[in-house]
Amino acid sequence: MSRALSLDRLRPCLEGIVPSGIATCGVDGMPNITYVSQLMYVDPEHVALSFQFFNKTRENIVANPVATVLMMDPDTAARYRLTIRYLRTETEGPLFERMKAKLAGIASHEGMSDVFRLLGADVYRVQGIEAVPGRESPPVAGGPALLPALRRSVDALAACQSMEALIDSFCTCLTRHFDLQHQLLLMADEAAGRLYIVASRGYAQSGAGAEIPFGVGVIGVAARERVPIRIMFPATEYAYSRMLRDQAAAGGLAERLETVIPLPGLPAPASQLAVPIMAGRRLVAVAYVESQRECHFGYDLEDALVALGSTLGLSMAACLCVETVEGAEAEPEEAAVAAVLAGEAVRVRHYARDGSVFLGDDYLIKGVAGAILWRLLQEYQRSGRTQFSNRELRLDPALGLPEVADNLEARLILLQRRLRDRCDWLGIEKAGRGRFRLDVTRPVTLHVEEAG
Amino acid sequence: MTSPDPLDPALAEFITSHVSLQLAATDDAGLATAVRCVGCRVSADRRRVTLLMPRSQAAPVLASIAANGRVAVVFNEPKSYRTLQLKGRDGRIEPPLPDDAAALQPYAAGFARRLAPLDVPEPYVRTLVSCAPEDLVAVSFTPLEAYAQTPGPRAGRRLGPGETGE
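Note that the structure is a prediction, hence the values are computed from the model and not measured. (Residues numbered from 1 in each chain as written. Chains lettered and ligands numbered in written order. Predicted model: local features only at pLDDT ≥ 70, side-chain atom pairs only at ≥ 80, totals over all residues. Heavy atoms only, no water.)

Caption draft 1: Looking closely at the sheet that holds strand 13 (residues 282-291) of chain A. Residues and elements named next belong to chain A. Spatially, the six strands line up as an open sheet ordered 10-9-8-13-12-11, and their pairing is antiparallel. Two strands bound the open sheet, and with one partner strand each, they are strand 10 (211-213) and strand 11 (229-231). The sheet shows a mean angle of 25° between the axes of neighbouring strands, taken without regard to direction. Across six bridges, strand 8 (residues 182-189) lies against strand 13 in antiparallel orientation. When the sheet's bridge partners are listed, Leu184 is paired in strand 13 with Tyr288. (Pairing = 2+ DSSP bridges. Helix = DSSP H or I, 4+ residues; strand = E, 2+ residues; numbered from the N terminus. Axes fitted to C-alpha atoms, helices over the stretch in contact; angles between N-to-C directions.)

Caption draft 2: Just the pairing of strand 3 (residues 39-42) of chain B, in detail. Residues and elements named next belong to chain B. Pairing analysis gives four bridges linking strand 3 to strand 4 (residues 49-54), with the strands arranged antiparallel. Counted as the bridge partner of Arg41 is Thr50 from strand 4. Remark: six residues form the turn of the hairpin made by strand 3 and strand 4, two consecutive strands paired antiparallel; Arg46 in that turn has positive phi of roughly 55°.

Caption draft 3: Examining the packing of helix 3 (residues 146-158) of chain A against helix 4 (residues 163-176) of chain A more closely. Residues and elements named next belong to chain A. Their axes nearest at 9 Å, the elements helix 3 and helix 4 cross at an angle of 165°. By the criterion of interaxial angle, the relationship of helix 3 to helix 4 is roughly antiparallel. Crossing of helix 3 against helix 4: the hand is right-handed. Contact residues: helix 3 offers Ser153, Ala156 and Leu157, while helix 4 offers Leu166, Ser169, Phe170 and Cys173. (Parallel < 35°, antiparallel > 145°, perpendicular 65-115°, else oblique. Left-handed = near helix turned anticlockwise from the far one by under 90°. Contact = heavy atoms within 4.5 Å.)

Caption draft 4: Layout of the interface of chain A and chain B. At the junction of the two partners, chain A supplies 39 residues and chain B supplies 40 residues. Of the roughly 3,300 Å² buried where chain A meets chain B, counting both sides, 59% is carbon and sulfur surface. Counting the surface chain A buries against chain B, the share from its top three residues, Met30, Ile33 and Tyr35 of chain A, is 23%. Counting every contact that joins chain A to chain B gives one salt bridge. With its nearest N and O atoms 3.8 Å apart, the salt bridge here joins Asp28 of chain A to Arg89 of chain B. For the pair chain A and chain B, the number of links is 15 residue pairs in polar contact (both at pLDDT 80 or more). The set of elements that each furnish at least two residues to the side of chain A that touches chain B consists of strand 1 (20-25), strand 2 (31-36), strand 5 (66-72), strand 6 (79-90) and strand 7 (120-132) of chain A. The biggest single contributor to the side of chain A that touches chain B is strand 2 of chain A, with five residues. The class makeup of the residues in the side of chain A that touches chain B is 18 nonpolar, eleven polar and ten charged. (Buried area = accessible area lost by both parts, 1.4 Å probe. Salt bridge = Lys/Arg side-chain N within 4 Å of Asp/Glu carboxyl O. Polar contact = N/O pair within 3.5 Å; in protein donor to acceptor, adjacent residues only side chain to side chain. Nonpolar A, V, L, I, M, F, W, Y, C, P; charged D, E, K, R; others polar.)

Caption draft 5: Structural view of the sheet that holds strand 2 (residues 32-36) of chain B. Residue and element names in this part refer to chain B. If you walk across this open sheet you meet the six strands as 2-1-5-6-9-10, and the pairing is antiparallel. Strand pairing shows two members of the sheet lacking a second neighbour, strand 2 and strand 10 (157-158), which therefore form its edges. Pairing of strand 6 (residues 83-88) with strand 9 (residues 145-148) involves four bridges; the strand directions are antiparallel. Residue Leu86 lies in a different strand from strand 9, and its bridge partner there is Ala146. Helix 2 (residues 59-68) contacts strand 1 (20-26), strand 2 and strand 5 (71-76) of the sheet and is inclined by roughly 55° relative to strand 1.

Caption draft 6: Local environment of the confidence of the model for chain A. Looking at chain A, the pLDDT average stands at 86 and 86% of residues meet or exceed 70. A low-confidence stretch, residues 252-257 of chain A stays under pLDDT 50, and its non-local contacts, those more than four residues away or across chains, total four contacts. (pLDDT = per-residue confidence, 0-100.)

Caption draft 7: Here's a closer look at the nonpolar core. Ranked by size, the top nonpolar core spans 100 residues in total, and within it Phe178, Leu185, Leu426 and Leu438 of chain A carry the most contacts. There are two domains that each give this core at least three residues, and those are domain 2 (146-327) and domain 3 (346-449) of chain A. Residues contacting Leu426 of chain A, with those up to four places away along its chain left out, are Leu359, Leu373, Leu377, Leu419, Leu438, Asp439 and Val440 of chain A. Membership of the second largest hydrophobic core comes to 59 residues, among which are Ile65, Val137, Ala148 and Leu159 of chain B. (Core = buried A, V, L, I, M, F, W, Y, C linked by side-chain atoms within 4.5 Å. Buried < 20%, exposed > 50% of the residue type's maximum accessible area, 1.4 Å probe, protein only. Domains from an automatic or database assignment.)

Caption draft 8: Just the state of the cysteines, in detail. Evaluated as defined, the whole model comprises zero disulfides over all chains. Unpaired in terms of disulfides, Cys319 of chain A finds its nearest cysteine sulfur in Cys160 of chain A, a separation of 8.5 Å. (Disulfide = S-S within 2.5 Å.)

Caption draft 9: Just helix 9 (residues 367-383) of chain A, in detail. Residues and elements named next belong to chain A. Over its 17 residues, helix 9 extends 24 Å from the first C-alpha to the last, a length consistent with the 24 Å expected when each residue adds 1.5 Å. Of all the 17 residues making up helix 9, twelve are buried; the element is thus mostly covered by neighbouring parts of the structure. Residues of helix 9 that are buried: Val368, Ala369, Gly370, Ala371, Ile372, Leu373, Trp374, Arg375, Leu376, Leu377, Glu379 and Tyr380. In the segment just after helix 9, Gly384 is the residue with positive phi, at about 80°. (Expected span 1.5 Å × (residues − 1).)

Caption draft 10: The arrangement of the packing of aromatic side chains in detail. Residue and element names in this part refer to chain A. Tallied over the full model, the rule gives six aromatic pairs over all chains. For the pair Tyr86 and Tyr124, a centre-to-centre distance of 5.6 Å together with 65° between the ring planes defines the contact as edge-to-face. On the criterion of sequence distance, the pair formed by Tyr86 in strand 6 and Tyr124 in strand 7 is long-range, its members being 38 residues apart. A single burial state applies to Tyr86 and to Tyr124, both of which are buried. Through pairs of rings, three or more aromatic residues link up here, namely Tyr351, Phe358 and Tyr363. In this structure, Arg58 packs its charged tip against the face of Phe51, placed 3.6 Å from the ring centre. In this structure, Arg230 packs its charged tip against the face of Tyr299, placed 4.3 Å from the ring centre. (Phe/Tyr/Trp six-rings, centres within 6.5 Å; stacked < 30°, edge-to-face > 60°. Lys NZ or Arg CZ within 6 Å of the ring centre and 35° of its normal.)

Caption draft 11: Spatial organisation of the side chain of Arg36 of chain B. As for its position among the elements, Arg36 of chain B is in strand 2. Using a relative accessible area of 5% as the deciding quantity, one classes Arg36 of chain B as buried. A polar contact of 3.1 Å, which involves the side chain of Arg36 of chain B, links it to the side chain of Ser20 of chain B. Once residues within four sequence positions are removed from consideration, Arg36 of chain B is found in contact with Leu70 and Met72 of chain A together with Ser20, Leu21, Gln22, Met53, Pro54, Phe111, Leu128 and Val129 of chain B.

Okay, structure coming up:
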C-alpha cells in the first residue's frame with residue numbers, strides 16, 4: 001500500500017517545467033480548462049498560481065473557489081490531481097516576489113517575456129491529492145545527496161573561530177559538498193540598503209567590494225524581501241550583466257562609472273538562487289549561486305542552503321559579539337618593524353564625499369571601507385605606525401560605524417580582498433585577535449580631493 | 001434547437017495535429033476535474049469532436065460526463081503556445097473505433113516532435129501519453145463554443161464563425 005501523498009514529495013511537479021492544467025466550474029456548471037504558467041509550492045498545505053490576466057479561470061474561482069489541477073512530474077511523467085480551494089491573492093511581499101522572479105524565468109524560457117507579467121500570487125489550500133495511474137519513468141537522482149552535504153557543511157562551520165574562517169569555510173562547503181561552482185557571498189549593509197561582495201568562487205575576478213542595492217536583481221530582491229529567490233531558466237531581467245548595462249546607461253557621468261567595481265557573474269546564467277542569511281530576524285548576508293544549466297537548483301537545494309545559511313548567520317552574529325568584546329580588551333601594540341619602501345611614490349587620493357579612495361588613477365574602494373583605509377594611511381604617514389586595533393576604528397566617529405552590529409570585521413575582510421585584487425604593494429593582514437597590520441612596500445603621498 | 005455550425009476546417013486541422021490535449025468535466029456539485037488525452041479525431045462533417053484517453057486515468061471525468069455531458073477541451077501547441085478551448089454540453093462516453101489504437105503511436109511521435117524544440121526528451125513524452133489499447137476510451141461531443149486562449153490580453157476571447165484564434 002502506498003503511503004499518503006504529501007505535497008513536500010511532489011515539489012518537482014511545482015517547478016513550472018511542465019505546464020499544469022487547471023479545471024474550474026462556471027456559475028452555469030460548464031467546465032473550463034486552461035494551462036497554468038506557474039504553479040508554485042508554498043508549504044505542505046498550500047500552492048500558489050500565477051495570476052497574469054483576468055480570464056475565465058479567474059471569473060470562475062471567484063464564484064466557485066474549488067478547482068482541480070492536473071500536474072506532471074518533469075522527470076518521471078507521473079501525474080497528480082490536486083483539489084484546491086482559492087483563499088486569497090497577494091500582490092506584493094515575499095511570495096509575490098518569489099513568484100515574479102520565477103515566472104520571469106519561465107516566461108523567458110517560453111518566449112513569453114513580453115506577455116507574462118505577474119498581477120498577483122493566487123494562494124490555494126490543497127484539499128486533496130490523487131495519484132493518477134499510468135506509466136512512469138524511474139526517478140533520476142542528480143547532484144550530491146543533500147542531507148549528508150548539509151551535515152558536513154554544518155560541522156565545518158562549527159569549527160570556525162573567526163569571521164574570515166566562516167566566510168571561507170561556507171564558500172568551500174558550497175563548492176566541495178554541494179558542487180556549486182559559481183557563487184557570491186555578499187554582506188548586508190542594512191542602513192545603506194546595499195550588499196557588498198566579500199567572497200566569490202568560480203570567476204576570473206573576485207569582485208570583492210562590488211555592491212548591489214536592495215531590490216535589484218535576484219540578490220537584491222532576496223535581501224529586500226528576506227526570502228530565497230530561485231529561477232530555473234535564463235531570465236534576462238534578473239541577470240546582473242544587464243543590470244550593469246542599465247546602470248551604465250542611467251549613470252551618465254564617467255566619474256560614476258569609474259567608482260563601480262564590476263560584478264562577477266556568468267553572462268547568461270540559466271539557473272539562479274539567492275538565499276538570505278539571517279541571524280534571527282536580522283539580515284546578515286546573501287548567498288548567491290548560479291549555473292549555466294537550466295533547472296539546476298531545486299526546492300531541496302533551496303531548503304538545504306536556507307538551513308546552512310541559518311547556521312552561518314547565527315555563527316557570524318556570535319563572531320561579531322566576540323569580536324566587539326575582545327576588541328575592547330586588545331593587548332597593547334607591539335613594536336612594528338618598518339618595511340623597506342622601494343619604487344616610485346604612489347599618489348593616493350581620497351574623496352570625503354563618498355569615502356572613495358584611488359591608488360594612482362585606479363579606483364579602489366569607497367564607503368566605510370574607503371574611509372577606514374584612508375584613516376590607516378593617514379596614521380601611517382603621520383607616525384609610521386602599521387599596527388592597528390579594531391577597537392580604535394570602532395571608537396573613531398569619523399568612520400561613521402553604527403554602534404551596534406557594525407560588521408567592522410567583514411569590512412576589513414572586504415578591504416583586504418579588494419587590495420589583494422588590485423595591488424601588490426599595499427595590504428592588510430590580521431595580526432591576532434582584534435588587531436591587524438598595514439603592509440606598505442612603496443612610498444605614498446596622500447591627497448584630499450574636495451571636488452565631486 | 002438548430003444544429004451549430006461545423007468546426008472551421010483550420011480549427012479541425014489544428015486540434016488533430018498532435019498538440020497537447022487536456023479534457024475537463026464538472027460534476028453536479030460544481031467540482032471540475034481533468035485528464036490528459038492521447039488522441040483526437042473530428043467527424044467527416046466536422047460537427048463532432050472525439051477525444052481518446054486512458055480509462056484508468058479518467059475515472060472522475062467519465063463519471064461527470066455520464067452525469068451531465070458537459071465537457072471542455074484545451075488544445076495547445078507547445079512551441080508557438082497557440083491555445084484553443086472547445087466546449088460542449090452533449091459529451092458521450094463511447095468505445096474506441098478499431099483505428100483508434102493504431103493512432104496512439106503516431107500521436108505520441110507527433111507530440112514528441114512538437115516538444116523536441118523545448119528540449120523535452122522523446123521517452124518522456126511517450127511515457128506521458130502512453131495508453132494500453134485495451135484501456136482506451138473515447139469521449140465525443142458537439143463543439144458549441146470555441147475560445148482563443150493563446151496567452152496575452154486577448155486570451156479567453158470567444159471565437160466567431162470563421163475565426164481560428166491565430
